[in-house]
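Take a look at the letters that make up each chain.
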Amino acid sequence: MTSSPVLDPGRLSKLREALLAASYTADGCLDLLGPTGYAALARSEAVPALRATRGGSPLETLVRLFLLQQPVQYAAAAAALPVEDCLADGWLTRDGETVRATVDVRPYANEVAGLPSADAWVVSDLGCAVGGAGGIGSGETAHGVARKDLVLGVGGASTTLANLAVRRPVRAALDLGSGSGVQALHAARHAQRVTATDLNPRALHFTRLTLALSGFENVEMAEGSLFEPVADRKFDLIVSNPPFVISPGSRFVYRDGGMAGDDLCRGLVRGAAAHLEPGGYCHLLANWQHVKGEDWHDRLAGWVAGTGLDAWVVQREVQDIAQYAELWLRDGGDHRGADSDYQTRYGEWLDTFEAAGVESIGFGWITLRAGGATRPTVRIEEWPHPVEQPLGPHIESWFARQDFLRSHDDAALLAARYVLADEVVQEQVGPPGAEDPEHVILRHNRGMRRATKVDTVGAGFVGVCDGTLAAGEIIDAIAQLLGEDRVMLRDRVPESLRLLTEQGFVNPVL
């Protein structure tokens, strides 16, 4: 294994105390750098942060050391943290009167719905905390680490996945492909025991550092590919930000799955059922191929078919094969190398896609649940629009509504009572001065932030459903008000009522 900091529990505890004493936390760094500097740092732009950290305080010293990877004077480091311990354990290296960090130690707000935010720190390789490894240049090594073994830190994908997960007290959770341990950090707050797996032993060591530095002891490590390390074990929660990149090779362990096309993500979906406890959830990010002559919805439905799992698949983005190749060539730093090498690698990506008939690549979220239904609910949709984060509570509510709809026929739907969801607004669309609107739009400002068009009956229904009357009673009253046949209206309403319930505009009173 390439060298990395030693994990000494006692000295690590002292380091954590020093970080807290200096307010080297997510909130502390935001206060120091300000919104502009903090946002620039998230874009890998360091100049505003360098300007904000010229005062020499312990917090400024730590930001320069671990976030900006700048050398600092030994005396300044000694005033901020147990410098000799950090040198002995390999967190720092010394060159004369200055010291440098050997790893990125990034403050992280460990947030879990329903629990107060907790201070944590994510340990990763230098230059790999934001936007992948593209910022560290080209070549086979980076900062003395083989590029294929690099361990990335906090990025957009990891925070997206963390916000998707259903958070409830559970016995056992699995972080499959843990990397630097971001998902394990979140799971450790609401699971009695977390298992973190990775094919890269270096990544498992970084996960250990992240969890130990953040004060967690309820996480175990297991080395291996996909579900192999956990054999026949079952979990209440599985989260995975896997190496989903569809590439012509397996240059980087952190991103390239080493399987043909999208087989790795397909394998994760197919294998999840055997490792989920009844009622358990699996959340993963994935890429999938859009193949010429094939509907991508059918492709994803095929992944889920026969698993017995409920599934909600959301495609967030689609890139053509050229855009996709360029994205991951930049991620690997190939754009910084010789132009001829870049063109050669670019051609390899395009050749691979064209040979497989791939026209574009989809990216999105997959949520699976062991609901135990004879006929599982499978929803596959495209939704590129903004959503509210964290989305986990809304995902859990969505699956609960599917259970309700699956167990209620039309008569039972009308016999049930409903309440309007929070922050649903009504918009009327029509020409100015018109007596009646052409369209009535319901817009939900929470969760997926959906909008749907309703007719007069639908608008009237949601306007009065406060849980007091059954849906059928409300429809009868609307029929009388509009002079319509109540039987015909009752026959017509269940279809739209299912849609309003499924999309969360109204919630059944259970």
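Below or above, wherever it landed, is the structure these notes cover.

Cut-offs and rules
Residues numbered from 1 in each chain as written. Predicted model: local features only at pLDDT ≥ 70, side-chain atom pairs only at ≥ 80, totals over all residues. Heavy atoms only, no water. Helix = DSSP H or I, 4+ residues; strand = E, 2+ residues; numbered from the N terminus. Pairing = 2+ DSSP bridges. Core = buried A, V, L, I, M, F, W, Y, C linked by side-chain atoms within 4.5 Å. Buried < 20%, exposed > 50% of the residue type's maximum accessible area, 1.4 Å probe, protein only. Contact = heavy atoms within 4.5 Å. Arc of directions from axis to C-beta. Polar contact = N/O pair within 3.5 Å; in protein donor to acceptor, adjacent residues only side chain to side chain. Phe/Tyr/Trp six-rings, centres within 6.5 Å; stacked < 30°, edge-to-face > 60°. Axes fitted to C-alpha atoms, helices over the stretch in contact; angles between N-to-C directions. Parallel < 35°, antiparallel > 145°, perpendicular 65-115°, else oblique. Left-handed = near helix turned anticlockwise from the far one by under 90°. Nonpolar A, V, L, I, M, F, W, Y, C, P; charged D, E, K, R; others polar.

So, unusual backbone geometry
Backbone phi values are negative for most residues with the exception of glycine, while trans is the configuration of most peptide bonds. Here the amide bond leading from glutamine 389 into proline 390 is cis, since omega sits at 0°, within 30 degrees of zero. In this structure, serine 44 takes a positive phi of about 65° despite not being glycine. With respect to the secondary-structure elements, serine 44 resides in the loop between helix H2 (26-42) and helix H3 (47-52). Here arginine 449, not a glycine, exhibits a phi torsion of approximately 55°, which is positive. With respect to the helices, strands and loops of the structure, arginine 449 is situated in the loop between strand E18 (439-444) and strand E19 (451-454).

Comments concerning the sheet that holds strand E3 (residues 98-101)
Taken in spatial order, the 3 strands make up an open sheet running E1-E3-E2, and their pairing is antiparallel. At either end of the open sheet lies a strand with only one pairing partner, and these are strand E1 (72-73) and strand E2 (92-95). In this structure, E1 lies alongside E3, joined through 2 bridges in antiparallel fashion. Within E3, the residue paired with glutamine 73 across the bridge is threonine 98.

Here we look at the nonpolar core
When a protein is soluble and globular, its nonpolar side chains tend to lie buried together. In terms of nonpolar packing, the biggest core is built from 78 residues, with Ile366 and Leu368 touching the most fellow members. The dominant element in this core, judged by the number of residues it contributes, is strand E12 (residues 276-291), at 8 residues. Leucine 368 has contacts with Val269, Ala272, Leu276, Gly280, Tyr281, Cys282, Leu284, Leu309, Asp310 and Ala311, leaving out every residue within four places of it along the chain. Counting 38 residues, the second-largest nonpolar core is a separate cluster that includes Leu59, Val105, Phe206 and Leu213.

Thoughts on helix H11 (residues 296-304)
Turning to H11, its buried residues number three or more, namely Trp296, Arg299, Leu300, Trp303 and Val304. Considered in projection along H11, the buried side chains sweep an arc of 140° and stay on one side of the axis. Between the side-chain oxygen of the N-cap and the backbone nitrogen of histidine 297 there are 2.7 Å, and the N-cap of H11 in question is aspartate 295.

Examining the pairing of strand E4 (residues 104-110)
Consecutive residues of a regular strand have side chains that alternate between opposite faces of the sheet. Burial analysis of E4 places 6 of its 7 residues in the buried class, which makes it a mostly covered element. The pairing of E4 with strand E5 (residues 118-124) spans 7 bridges and is classified as antiparallel. Residue pairing for E5: proline 107 is matched across the bridge by tryptophan 121.

As for the packing of aromatic side chains
Any aromatic ring pair is given by two values, namely how distant the centres are and how the planes are angled relative to each other. Considering all chains together, one arrives at 14 aromatic pairs under this definition. Taking the centre distance of 4.4 Å and the plane angle of 15° together, the rings of tryptophan 312 and tryptophan 398 count as stacked. Linking tryptophan 312 in strand E13 (residues 310-320) with tryptophan 398 in helix H14 (residues 392-406), this pair joins segments that are 86 residues apart in sequence. You'll find tryptophan 312 and tryptophan 398 in the same group, each marked buried.

Quick word on the packing of helix H16 (residues 456-464) against helix H18 (residues 486-502)
Two numbers describe how H16 lies on H18: the axes approach to 11 Å, and their chain directions differ by 65°. Considering the angle they form, H16 stands roughly perpendicular to H18. Both H16 and H18 take part in a crossing whose hand is right-handed. Taken together, the residues of H18 that come into contact with H16 (itself represented by Val457, Phe461 and Val462) are Leu489, Arg492, Val493, Leu497 and Leu500. Of the residues assigned to the contact of H16 with H18, the class counts are 7 nonpolar, no polar and 1 charged.

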